[in-house]
Amino acid sequence: MEYDIHTILDFLSLVATGAVVFCMLTHRRMKETYQRELDSLNFLKVLIPCAILAIVCKPRTSHNFFMKILWAFCVYLEAVSVLPQLRMMQRAKVVERFTAHYVFALGLSRFFSCAHWLLQLLDGNKYLLQALGTGLWPAMVLISEVIQTFILADFCYYYVKAYASGSGVLRMPSGIV
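My aim in this report is to walk through the structure given alongside it, one point at a time. (Residues numbered from 1 in each chain as written. Predicted model: local features only at pLDDT ≥ 70, side-chain atom pairs only at ≥ 80, totals over all residues. Heavy atoms only, no water.)

### Describing the overall build of the chain
Move 1: In terms of regular secondary structure, the chain is built from eight helices and two strands.
Move 2: Tracing the chain from N to C terminus, the helices and strands come up as α-α-α-α-α-β-α-α-α-β.
Move 3: Classification of the 177 residues of the chain by burial places 28% in the buried group.
Move 4: A separation of at least 24 residues holds for 69% of the contacts in the chain among residues at least 6 apart in sequence.
Move 5: Only carbon and sulfur atoms are counted for the fraction: they give 68% of the accessible area of the chain, which is about 11900 Å². (Helix = DSSP H or I, 4+ residues; strand = E, 2+ residues; numbered from the N terminus. Buried < 20%, exposed > 50% of the residue type's maximum accessible area, 1.4 Å probe, protein only. Contact = heavy atoms within 4.5 Å. Areas by Shrake-Rupley, 256 points an atom, 1.4 Å probe, with all protein chains shown as cover.)

Written out as C-alpha cells, the structure is:
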C-alpha cells in the first residue's frame, strides 16, 4: 500500500512540475521573467552524469528495469537540481526576497528530509532498508540527500547571515557554485 501512495505522490509531483515548465515556456508574462543572460549553466552537464549514474547504480528491487533506472535518475537529479538556480542567483549578486525565502525553505525542507533518512537508518528500520533494496543503492540515496543538503546549506548560511544583520538583503558572494 505504501508503495502505491508514493507512486501516486511522485506522479502528482511530476505533473505539477510539468505544468510549471509548460507555463514558463508558453505563457507570455511568465516567459518574459526568464533571465537568459544570467543562465549560464548547461543543463546537459547536470543531466548526463545523473543518467550515467542511474544506469550504473540503481536499486535492486522487484520493480521493472526501466522504473529502477528512472527512480535512480530522479534521486540523483534531485540532489543537484538546485545548482542552476543558485548559479543564476550568484551571477545576479542580489537575490530577490521571495526567491530567497523560497530557496531557504527548500534548504530547510531538504535538511529535515536528510535528517529523517539518517534517523531511520540509525534506528535500524528494516522496512526502509527492505524498500530501498540491497547493494550500493541505499548508500547512494543517502549520499544524494547529504549532497543536496550541503549544496543548500551554503545558501542558507548567507540567508541567515543577511537577516541576522538586519539588512534583509541577500547578497551572494562569487565562487560558491
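### Comments concerning the pattern of salt bridges
Move 1: One pass over the full model with this rule turns up two salt bridges.
Move 2: Glu78 is the salt-bridge partner of Arg110, the closest N and O atoms lying 3.4 Å from each other. One end of the pair, Arg110, is in helix 6 (residues 97-122); the other, Glu78, is in helix 4 (residues 65-80), and 32 residues separate them in sequence.
Move 3: Take Arg110: its relative accessible area is 10%, and that puts it in the buried class.
Move 4: The class of Glu78 is partly exposed, set by a relative accessible area of 36%.
Move 5: Here Arg110 ties to Glu145 by a salt bridge, and the two come within 2.9 Å at their closest N and O atoms. Of the two residues, Arg110 is situated in helix 6 and Glu145 in helix 8 (residues 137-164); the sequence distance between them amounts to 35 residues.
Move 6: Through salt bridges with shared partners, a single ionic network connects Glu78, Arg110 and Glu145. (Salt bridge = Lys/Arg side-chain N within 4 Å of Asp/Glu carboxyl O.)

### A few points about the packing of helix 3 (residues 44-56) against helix 4
Helices that pack against each other are described as a pair by the angle of their axes relative to one another and the distance between those axes.
Move 1: In the contact formed by helix 3 and helix 4, the axes pass within 8 Å of each other and the chain directions differ by 140°. In terms of their interaxial angle, helix 3 and helix 4 are classed as oblique. Read as a crossing pair, helix 3 and helix 4 show a hand that is right-handed. Residues Val46, Leu47, Cys50, Ala51, Leu53, Ala54 and Ile55 of helix 3 lie in contact with helix 4, whose contacting residues are Ile69, Ala72, Phe73, Tyr76, Leu77 and Val80.
Move 2: Of the residues belonging to the contact of helix 3 with helix 4, the class tally is 13 nonpolar, no polar and no charged. (Axes fitted to C-alpha atoms, helices over the stretch in contact; angles between N-to-C directions. Parallel < 35°, antiparallel > 145°, perpendicular 65-115°, else oblique. Left-handed = near helix turned anticlockwise from the far one by under 90°. Nonpolar A, V, L, I, M, F, W, Y, C, P; charged D, E, K, R; others polar.)

### Here we look at helix 3
Move 1: A rise of 1.5 Å per residue sets the reference length of helix 3, with its 13 residues, at 18 Å; its end C-alpha atoms lie 18 Å apart and thus fit the reference within 8%.
Move 2: For helix 3, the set of buried residues is Val46, Cys50 and Ala54. Taken end-on, helix 3 shows its buried residues confined to a sector of 55°, consistent with a single buried face. Facing away from the buried side of helix 3 by over 90 degrees, the exposed positions are Lys45, Ile52 and Val56. (Expected span 1.5 Å × (residues − 1). Arc of directions from axis to C-beta.)

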